[in-house]
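Structure assessment
In case you want the letters, here they are:
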Amino acid sequence: ALGRLGKAGDRAIEALLKALRDSHENVRWAAAAALGQLGKADDRVIEALLKALRDSHENVRWFAAEALGQLRKAEDRVIEALLEALG
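Quantities reported herein were computed from a predicted structural model and do not represent experimental measurements.

Take the packing of helix 2 (residues 10-19) against helix 3 (residues 25-38) next. Interhelical geometry of helix 2 versus helix 3 gives an angle of 145° and a closest axis separation of 8 Å. For the pair helix 2 and helix 3, the crossing hand works out as left-handed. Residues Ile13, Leu16, Leu17 and Ala19 of helix 2 lie in contact with helix 3, whose contacting residues are Val27, Arg28, Ala31, Ala34, Leu35 and Leu38.

Below is the structure:
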């Protein structure tokens, strides 16, 4: 729901970043998806999603990659991490 709000503030982002570190896979992938929907490509979001690309669960990695694509911030580190995840 937070991701669909579109104009969520820092509190929502902080909650989603915390959820991205949750012990349950479903919470982590949902948080990644919501971060992508928010579209806020600040450094803490990018770093958290890049870390999620290395998650032990495939769904988390998938939604993190999808979120990074939705953010459309084509920094070299993002592109390199996505290419590495494909490899």
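Having seen it, we continue.
Glancing now at the environment of Arg72. On the secondary structure map, Arg72 appears in the loop between helix 5 (58-71) and helix 6 (76-86). Exposure remark for Arg72: the relative accessible area of 74% places this residue in the exposed category. Distance in space between the C-alpha atoms of Arg72 and Gly39 is 8.4 Å, their sequence separation being 33 residues.

About the cut-offs
- Residues numbered from 1 in each chain as written.
- Predicted model: local features only at pLDDT ≥ 70, side-chain atom pairs only at ≥ 80, totals over all residues.
- Heavy atoms only, no water.
- Axes fitted to C-alpha atoms, helices over the stretch in contact; angles between N-to-C directions.
- Helix = DSSP H or I, 4+ residues; strand = E, 2+ residues; numbered from the N terminus.
- Left-handed = near helix turned anticlockwise from the far one by under 90°.
- Contact = heavy atoms within 4.5 Å.
- Buried < 20%, exposed > 50% of the residue type's maximum accessible area, 1.4 Å probe, protein only.

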